[in-house]
Amino acid sequence: MLIYQCVGYKAFEAKMIDVHVHTKFGDGKDAPADMLRAAKGAGIKVFGFSEHFPRPPGYDYPTEDFNHEALASGWFDYASEVNRLKASSDDTPKVLFGTEIDYLPDEEATLRAELSAFNFDFIIGSVHMIGKWGFDYNQKEWKGKDVDAIYDAYWENMFKMVGSSLFDFVGHLDIIKVFRDFHPPKRDHTDSARDFLREVAKRGLVIEINSGGLRKAVKELTPSAGLIKEAVDLKIPLTLGSDAHRVQDVGHYLSEVVEMIKGFGAREVVYFEKREPVAVRI
């Protein structure tokens, strides 16, 4: 059960929280300082850096600048830079030091040990890989594969992830749909997503509304609006992330997301600081 610290209960601007962004130290394009300037310009009040945590060897995307060696070689520079920005920040916006883990069922013990070495404000739990295949990189790599089996494996990994206690909130929970228009499943997997939401609610966990899907092939929020409505009905706490990989995408569509969830009946969103949830009235 989450116990919230309340931030005033003075309503912030609609675009107040963005806790899912990437930088040049991962698969992003811009430096942390540039991303922070963009956040200030967008009126964001709470800004969380969430670079991909280094994956073990063998879990690689087919691109030179996003393999495990590249992530590991830049990791300490990322941590140092973000913590420097955090220390020098005047709290407008509040800077948070986070990471996004690629949950890998066979590497859970390694992830747990390595994550414990850092004083994160928050950890995002995401699934990007089925086995050692990064499914969200190139739609052409889906050709000839059993799409329904991929979806089934994805949701199996997601259920394992929520039982791991490795993370603070679930990132882009239905990202498996990213290439749906190119490779549609034969079966409807919505029930798996709904069962997952019920499991999240039972465990008292938090999910992210990620606007990055609007910039991907699927052109849809992750999770979808229908699943967001169900999450609100289940009283699952929500947080917000743009999944920005460049300065122009910081805060993208988050004001519209806030208005949408208010219409669904949500009255607050949360972020994490020192691994503790903080509630903000919207």
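Residues numbered from 1 in each chain as written. Predicted model: local features only at pLDDT ≥ 70, side-chain atom pairs only at ≥ 80, totals over all residues. Heavy atoms only, no water.

Participant: I'm lost on the overall build of the protein in this one. Help?
Facilitator: What the protein contains, in helices and strands, is seven helices and twelve strands. Computed over the C-alpha atoms, the radius of gyration of the protein is 18 Å, within 12% of the 19 Å expected from 2.2 N^0.38 for a compact globule of 282 residues. Based on the C-alpha atoms only, the size of the protein along its principal axes is roughly 50 × 45 × 35 Å. Here the analysis covers contacts within the protein between residues at least 6 apart in sequence; of these, 76% occur between residues at least 24 apart. (Helix = DSSP H or I, 4+ residues; strand = E, 2+ residues; numbered from the N terminus. Rg over C-alpha atoms; globule rule 2.2 N^0.38 Å. Contact = heavy atoms within 4.5 Å.)

Participant: Please clarify how the packing of helix H5 (residues 190–203) against helix H6 (residues 225–233) should be interpreted in this entry.
Facilitator: The geometry of a pair of packed helices is captured by two quantities: the angle between their axes and the separation between those axes. Where H5 contacts H6, the axes come no closer than 10 Å and their chain directions differ by 30 degrees. Here H6 runs roughly parallel to H5, going by the angle between their axes. As H5 packs across H6, the resulting crossing turns out to be right-handed. In contact with Ala193, Arg194 and Leu197 of H5, H6 contributes Leu227, Glu230 and Ala231. (Axes fitted to C-alpha atoms, helices over the stretch in contact; angles between N-to-C directions. Parallel < 35°, antiparallel > 145°, perpendicular 65-115°, else oblique. Left-handed = near helix turned anticlockwise from the far one by under 90°.)

Participant: I'm lost on helix H2 (residues 68–88) in this one. Help?
Facilitator: Think of an α-helix as turning once every 3.6 residues; residues three or four places apart then point the same way. If you check H2, its first and last C-alpha atoms are 30 Å apart, about what 21 residues at 1.5 Å a residue would give, namely 30 Å. The axis of H2 is deflected most strongly, by about 40 degrees, at Trp75. On its buried side, H2 packs onto helix H1 (32–41), strand E3 (46–52) and strand E4 (94–102). Sitting at the amino-terminal end of H2 is Asn67, which places a side-chain oxygen 3.1 Å from the backbone nitrogen of Glu69. (Expected span 1.5 Å × (residues − 1). Bend = angle between axes of the 7 residues up to and from the residue. Polar contact = N/O pair within 3.5 Å; in protein donor to acceptor, adjacent residues only side chain to side chain.)

Participant: It is not clear to me how the sheet that holds strand E2 (residues 17–21) should be interpreted in this structure. Could you clarify?
Facilitator: The strands making up a sheet associate through hydrogen bonds between their backbones, and the pairing can be parallel or antiparallel. As summarised here, the arrangement of the seven strands in space is E2-E3-E4-E5-E8-E9-E10, forming an open sheet in which the pairing is parallel. Edge positions in the open sheet fall to E2 and strand E10 (238–241), since each of these has one partner strand only. With five bridges joining them, E4 and strand E5 (residues 122–126) adopt parallel strand pairing. The residue bridging Asp102 from the neighbouring strand is Ser126, located in E5. Across the sheet, helix H7 (residues 254–264) touches E2, strand E9 (206–210) and E10, and the angle it forms with E10 is around 160 degrees. (Pairing = 2+ DSSP bridges.)

Participant: I tried to follow the nonpolar core on my own but got confused; where do I start?
Facilitator: One broad trend across soluble globular proteins is that nonpolar side chains are buried collectively. Phe49 and Ile261 are the most contacted members of the largest nonpolar core, which has 87 residues in total. Ranked by the residues each element gives to this core, the list is headed by helix H4 (residues 147–162), at eight residues. In this structure, Ile261 is in contact with Ile209, Ile228, Leu238, Ala266, Val269 and Ile282, ignoring residues within four places of it in sequence. Ranked by size, the runner-up nonpolar core spans six residues in total, among them Tyr61, Phe66, Leu71 and Met129. (Core = buried A, V, L, I, M, F, W, Y, C linked by side-chain atoms within 4.5 Å. Buried < 20%, exposed > 50% of the residue type's maximum accessible area, 1.4 Å probe, protein only.)

Participant: Quick question: what am I supposed to make of unusual backbone geometry here?
Facilitator: Negative phi characterises most residues that are not glycine, and trans characterises most peptide bonds. For the peptide bond that leads from Thr92 to Pro93, omega is 0 degrees, which places it in the cis range. Within the fold, Pro93 resides in the loop between H2 and E4. With an omega of 0 degrees, the peptide bond running from Thr222 to Pro223 counts as cis. Tracing the chain through its elements places Pro223 in the loop between E9 and H6. Phi at Asp91 is positive, roughly 70 degrees, even though this residue is not glycine. The exposure class assigned to Asp91 is partly exposed, which follows from its relative accessible area of 47%.

Participant: Mind showing me how you'd approach the packing of aromatic side chains here?
Facilitator: As enumerated under the stated definition, the model contains 23 aromatic pairs in all. Relative to Phe120, the ring of Phe97 has its centre 4.9 Å away and its plane inclined at 35 degrees; by these criteria the two rings are tilted. In this pair, Phe97 sits in strand E4 while Phe120 sits in the loop between helix H3 (108–115) and E5, placing the two residues 23 residues apart along the sequence. The exposure class assigned to Phe97 is buried, which follows from its relative accessible area of 2%. An aromatic cluster of three or more residues is present, and its members are Phe25, Phe53, Trp75, Phe76, Tyr78, Phe97, Phe118 and Phe120. Lying over the aromatic face of Phe66, Arg55 brings its terminal NZ or CZ to 4.7 Å of the ring centre. The ring of Tyr59 carries Lys132 above its face, with NZ or CZ at 5.2 Å from the centroid. (Phe/Tyr/Trp six-rings, centres within 6.5 Å; stacked < 30°, edge-to-face > 60°. Lys NZ or Arg CZ within 6 Å of the ring centre and 35° of its normal.)

Participant: Help me understand the pattern of salt bridges in this model?
Facilitator: Two side chains bearing opposite charge may form a pair once their charged atoms approach each other closely. Here the structure, examined in full by the defined rule, presents 22 salt bridges. The salt bridge partner of Asp34 is Arg37, with a shortest N-O separation of 2.2 Å. Here the residue Asp34 and the residue Arg37 both occupy positions in helix H1, the gap between them amounting to three residues, near one helical turn. Note that Lys160 is salt-bridged to Glu156, the shortest N-O span being 3.5 Å. Of this pair, Lys160 and Glu156 both sit in helix H4, separated by four residues, roughly a single helical turn. In this structure Lys160 comes out as partly exposed when scored by relative accessible area, which is 39%. A residue is classified by how much of its surface remains accessible, and Glu156, at 46% relative accessible area, is partly exposed. (Salt bridge = Lys/Arg side-chain N within 4 Å of Asp/Glu carboxyl O.)

So far we have only geometry, and geometry alone does not tell us how the molecule works.
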